[in-house]
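So the chains spell out like this:
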Amino acid sequence: MLLAIDCGNTNTVFSIWDGESFIATWRTSTEWQRTADQYYVWLSTLMAVQKLDVEITEMIISSTVPRVVFNLRVLSDRYFNCRPLVVGKPDCLLAQQPRVDEGTAVGPDRIVNAAGAYDRFGGNLIVVDFGTATTFDVVDTDGAYVGGVIAPGVNLSLEALHNAAAALPHVDITMPQRVVGTNTVACMQSGVFWGYIGLVREICARIKAERDAPMKVIATGGLAPLFQQADNLFDSYDDDLTMHGLTVINKYNKENT
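Rules and cut-offs
- Residues numbered from 1 in each chain as written.
- Predicted model: local features only at pLDDT ≥ 70, side-chain atom pairs only at ≥ 80, totals over all residues.
- Heavy atoms only, no water.
- Pairing = 2+ DSSP bridges.
- Helix = DSSP H or I, 4+ residues; strand = E, 2+ residues; numbered from the N terminus.
- Contact = heavy atoms within 4.5 Å.
- Axes fitted to C-alpha atoms, helices over the stretch in contact; angles between N-to-C directions.
- Expected span 1.5 Å × (residues − 1).
- Polar contact = N/O pair within 3.5 Å; in protein donor to acceptor, adjacent residues only side chain to side chain.
- Salt bridge = Lys/Arg side-chain N within 4 Å of Asp/Glu carboxyl O.
- Buried < 20%, exposed > 50% of the residue type's maximum accessible area, 1.4 Å probe, protein only.

Attention shifts here to the sheet that holds strand S2 (residues 11-17). Strand order across the open sheet formed by five strands is S3-S2-S1-S4-S5, with mixed pairing between neighbours. Two strands in the sheet have a free side with no partner beyond their single neighbour: strand S3 (22-29) and strand S5 (85-86). Where S2 lies against S3, seven bridges are found, and the strand directions are antiparallel. By the bridge assignment, Asn11 is partnered in S3 with Ser29. Contacting strand S1 (2-7), S2 and S3, helix H1 (residues 36-49) crosses the sheet at an angle of about 135° to S3. Relative to strand S4 (residues 58-63), helix H2 (residues 66-79) is tilted by about 175°, and along the sheet it contacts S1, S2, S4 and S5.

Right, dumping it as structure tokens:
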């Protein structure tokens, strides 16, 4: 069994892959102080609740928070007796190396998204990931990550608006009934919702024009379905794209080492 871990700035996702499908997925907040022992107690408790009697023999990690990786490595070594693959490290092989400016460190999440998207949808893609940041990953015809765009995330923008303007409340993102709001909450929701619709549409249009090629737009992240219902922004939505990408990279390493 493979334990795939995607550690983002806000949340960390743990999924168990049996070779054909994910049999369990759990999410927790990302905290670099959490020890390997704490991770194991949390995981083993959840596995017991779901009556999962499985043996973890492999582990792969993608982390945008470097300080978390050490304790996850200890978790793998101490409790599962295996050496984890860490995306972005020299010993983690990739089918195609990113083609970016020399010296540029590409985020592991973007490498994983490119691998997962290429495996499911082929090349010439724009992967829009609604996370802490909203990222646009451009995947070439051969599956290589060749650059992209980073914009503030939806919830991050709402939080910044609330924190910077004392009179503005914290609001949840939702599709407003009308563009013109008639109260403060509706005004904020409209600005963020339709603002991000415009942001996604314009950035994708400019990427396609710059590359002068037909490209599919693939969305992932929890807020993607919300934006899709208002406009046909995406060709496909894949909620487990990142986790799938981890299984693709793990399989490639097993076959080529």
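Between the first and last C-alpha of helix H5 (residues 184-211) there are 40 Å, a value that for 28 residues agrees with the 40 Å anticipated at 1.5 Å per step. Those residues of H5 that are buried are in contact with strand S6 (125-130), strand S7 (133-139), strand S8 (145-152), helix H4 (154-164), strand S9 (216-220) and helix H6 (224-228). Structurally, the start of H5 carries an N-cap: the backbone nitrogen of Val185 is 3.2 Å from a side-chain oxygen of Asn183. Within two residues after H5, Asp212 carries a phi angle of roughly 50°, on the positive side.

Below, the discussion takes up the environment of Gly131. Counting through the fold element by element, Gly131 comes out in the loop between S6 and S7. Residues Gly131 and Leu156, spaced 25 residues apart in sequence, show a C-alpha to C-alpha distance of 9.2 Å.

Let us look at the pattern of salt bridges. Evaluated as defined, the whole model comprises eleven salt bridges. Notably, a salt bridge pairs Asp240 with Arg120, separated by 2.8 Å at the nearest N-O pair. In this pair, Asp240 is assigned in the loop between strand S10 (236-237) and helix H7 (241-255) and Arg120 in helix H3 (residues 108-121), connecting sequence segments 120 residues apart. Exposure remark for Asp240: the relative accessible area of 24% places this residue in the partly exposed category. The residue Arg206 makes a salt bridge to Glu202 at a minimum N-O spacing of 2.7 Å. Of the two residues, Arg206 and Glu202 both sit in helix H5, four residues apart, roughly one turn of that helix.

Another aspect to go through is the pairing of S6. Within S6, six of the six residues are buried, which leaves it mostly tucked inside the rest of the structure. Alignment of S6 against S7, held across six bridges, turns out to be antiparallel. Residue pairing for S7: Val127 is matched across the bridge by Asp137. In sequence, S6 turns back onto S7 through a hairpin of two residues. As paired strands, S6 and S9 are joined by five bridges and run parallel to one another.

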